[in-house]
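# Observations on the model geometry
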Amino acid sequence: MKLGIRHRTRYRYRRPVTVQPHRLLAVPRCGAELRLDEFILDAGPDTAIAWSDDVFGNRIATIDFTGDRREIAIDASIVVELDAPAWPLFAIAVEAHRYPFPYDEDDRADLGALAGPASGEADSVAAFARGFVAAEPTDTLALLKDLNAGMLPRVAYRPREEEGTQSPAETLALGSGSCRDIAALFIACARGLGFGARAVSGYLHDPDQATGGQGSTHAWAEVFLPGAGWIAFDPTHGRVGDAHLIPVAVARENRQIMPLTGRYAGSADDLLGMDVDVTVTAMAGAG
């Protein structure tokens, strides 16, 4: 399926301000099931764009703005081909079929902070995660699917305009959260059970969405299983696998992979508003 993605962000200021460099994450992470056909980035006149990769291999655009201005607009136009199956099969190594299992020495070292519970993680999160373990040993993939499907019965999806991510304990206590909050809770639970897990940000293609171009920015999780590698879990929609998902960036935490971050020199009330417009559409003639 060929998909067209348009991601436009506009900031408006009360008076001309000095805009400091902005960090943009928008280039999809390609693989066997996702290919990038086109990427065009337009940040307007009097700007310079420098490219780099972070420690996770995410492609980062750093945008510098020349001169004071009352408005900036950053526009990314993307075309990808997504061939991920709706019902994927995962070639999990035999030794990892049953939970619990140990990662080998190299995997454990390389996963590092992505595996195991975070220091100071709340007891409520650990207890919630353990509630999905019906017996030991148990089927590994079935356990993770149960955990993925078990988020929404406990935590209602609630769009949030505020920046940042709720702590997993806060999301549990409130019983609601955005996609990034729900993904963070899933990741904390998976790590608490001993799995290597990481945060993912990118785009969602939702052909059932009535308005808005069949898509949006989105946050989900990936869990590392020997043999199969990184498997996508989208607890906001109860889905497993990469179908409908276009990953842009991965990291230890959501705060490391916000689509656009940056500052300006001025007072807080100088910012009149920020508008984000994202569309993801199947292109004409695409299968």
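Preceding this paragraph is the structure being described.
First, a word on scope: everything that follows refers to the structure included in this document. The residue numbers shown here count from 1 along each chain, following its written sequence. For this predicted model, a pLDDT threshold of at least 70 governs which residues receive local features, and a threshold of 80 or more governs which side-chain atom pairs are given and counted, while totals over whole chains, interfaces and linings are taken from all residues. With hydrogens and water stripped out, all remaining heavy atoms of the structure feed into the side-chain values.

### Concerning the layout of surface pockets
Leftover empty space is mapped by rolling, across the atoms, a probe with the size of a water molecule. Here a cavity denotes grid points, spaced 1 Å and computed from the protein atoms alone, that fit a 1.4 Å probe unable to get out, and a pocket denotes an open set having protein on both sides within 12 Å along at least 5 of 7 lines; residues with an atom within 4 Å of a point are the lining. Grid points are joined across faces, edges and corners, and a volume is the space filled by probe spheres set on the points. Reported here for the largest pocket is a volume of approximately 1400 Å³. The wall of the largest pocket is formed by 45 residues, among which Arg 180, Thr 217, Met 258, Pro 259 and Val 276 lie closest to the centre. The secondary structure listing takes helices from DSSP runs of H or I that are at least 4 residues long and strands from runs of E that are at least 2 residues long, numbered from the N terminus. At the level of elements, strand S1 (2–24), helix H6 (179–192), strand S10 (196–205), strand S11 (215–225), strand S15 (260–265) and strand S16 (271–282) are the ones that each hand at least two residues to the lining of the largest pocket. Among the elements that line the lining of the largest pocket, the one with the most residues is S16, at six residues.

### What to know about the pairing of S10
Partly exposed residues are those whose accessible area sits between 20% and 50% of the maximum for their type, while under 20% is buried and over 50% is exposed, using a 1.4 Å probe and protein chains only. Of all 10 residues in S10, 10 are buried, a share of seventy percent or more. By definition, two strands form a pair when at least two bridges between them are found by DSSP. As paired elements, S10 and S11 share 10 bridges and run antiparallel to each other. When the sheet's bridge partners are listed, Arg 198 is paired in S11 with Glu 222. Note: S10 against strand S14 (residues 245–251), six bridges, orientation antiparallel.

### A look at empty space enclosed by the protein
This structure, assessed with the given rule, holds one cavity of 30 Å³ or more. In this model, the largest cavity occupies a volume close to 40 Å³. Elements with a contribution of two residues or more to the lining of the largest cavity: S1 and strand S5 (69–82). A per-element tally of the lining of the largest cavity places S1 first, with three residues.

### Focus on helix H2 (residues 123–130)
Among all positions in H2, only Val 125, Phe 128 and Ala 129 are buried. Within H2, the buried residues cover an arc of 95 degrees as seen down the axis, which keeps them to one side. Seen from the buried face of H2, the exposed residues on the opposite side, beyond 90 degrees, are Asp 123 and Ala 127. Contacts are assigned to residue pairs that have any heavy atoms within 4.5 Å of one another. Its buried side turned inward, H2 meets helix H4 (151–154), helix H5 (168–174) and H6. Arc definition: it is the arc formed by the directions from the helix axis to the C-beta atoms.

### Overview of the pattern of salt bridges
By definition here, a salt bridge exists when the distance from a side-chain nitrogen of Lys or Arg to a carboxyl oxygen of Asp or Glu is within 4 Å. Per the counting criterion, the structure on display carries 16 salt bridges. The partner of Arg 8 in a salt bridge is Asp 75, with the nearest N and O atoms 4.0 Å apart. Here Arg 8 is found in strand S1, whereas its partner Asp 75 is found in strand S5, with 67 residues between them in sequence. With a relative accessible area of 32%, Arg 8 lands in the partly exposed category. Taking relative accessible area as the criterion, Asp 75 reaches 13% and is therefore assigned buried. A single salt-bridge network, built from bridges that share partners, covers Arg 10, Arg 12, Glu 71 and Asp 275.

### Here's the deal with the pairing of strand S3 (residues 47–53)
Note on strand geometry: in a regular strand, side chains alternate between the two faces of the sheet. One ladder, built from seven bridges, connects S3 with strand S4 (residues 59–65); its direction is antiparallel. Looking at the pairing, Trp 51 lines up with Ala 61 of S4. Between S3 and S4, which follow one another and run antiparallel, lie five residues, and Gly 57 among them has a positive phi close to 80 degrees.

### Comments concerning the nonpolar core
To form a nonpolar core, buried Ala, Val, Leu, Ile, Met, Phe, Trp, Tyr and Cys residues must be joined to one another through side-chain atoms within 4.5 Å. Ranked by internal contacts, the top residues of the largest apolar core, which has 71 residues, are Phe 195, Tyr 203 and Val 223. By size, the runner-up hydrophobic cluster in this structure holds six residues, among which are Val 200, Trp 220, Ala 232 and Val 250.

### What to know about the side chain of Thr 236
Residue placement: Thr 236 occurs in the loop between strand S12 (229–234) and strand S13 (239–240). Using a relative accessible area of 8% as the deciding quantity, one classes Thr 236 as buried. Residues in contact with Thr 236, not counting those within four places in the same chain, are Leu 152, Tyr 157, Cys 179, Ile 182 and His 218.

### Some words on the packing of H2 against H6
Fitting a line to C-alpha atoms yields each axis, with helices limited to the stretch in contact; the angle taken between N-to-C directions then spans 0 to 180 degrees. At a minimum axis separation of 9 Å, H2 and H6 run at an interaxial angle of 75 degrees. When the axes of H2 and H6 are compared, the pair comes out roughly perpendicular. Within the contact between the two elements, H2 uses Val 125, Phe 128 and Ala 129 and H6 uses Leu 185, Ala 188 and Cys 189. Grouping the constituent residues of the contact of H2 with H6 by class yields six nonpolar, no polar and no charged. Angle categories are assigned with fixed cut-offs, so that under 35 degrees is roughly parallel, over 145 is roughly antiparallel, 65 to 115 is roughly perpendicular, and the rest are oblique. In this count, Pro and Cys sit with the nonpolar residues alongside Ala, Val, Leu, Ile, Met, Phe, Trp and Tyr, while Asp, Glu, Lys and Arg are called charged and the others, Gly among them, polar.

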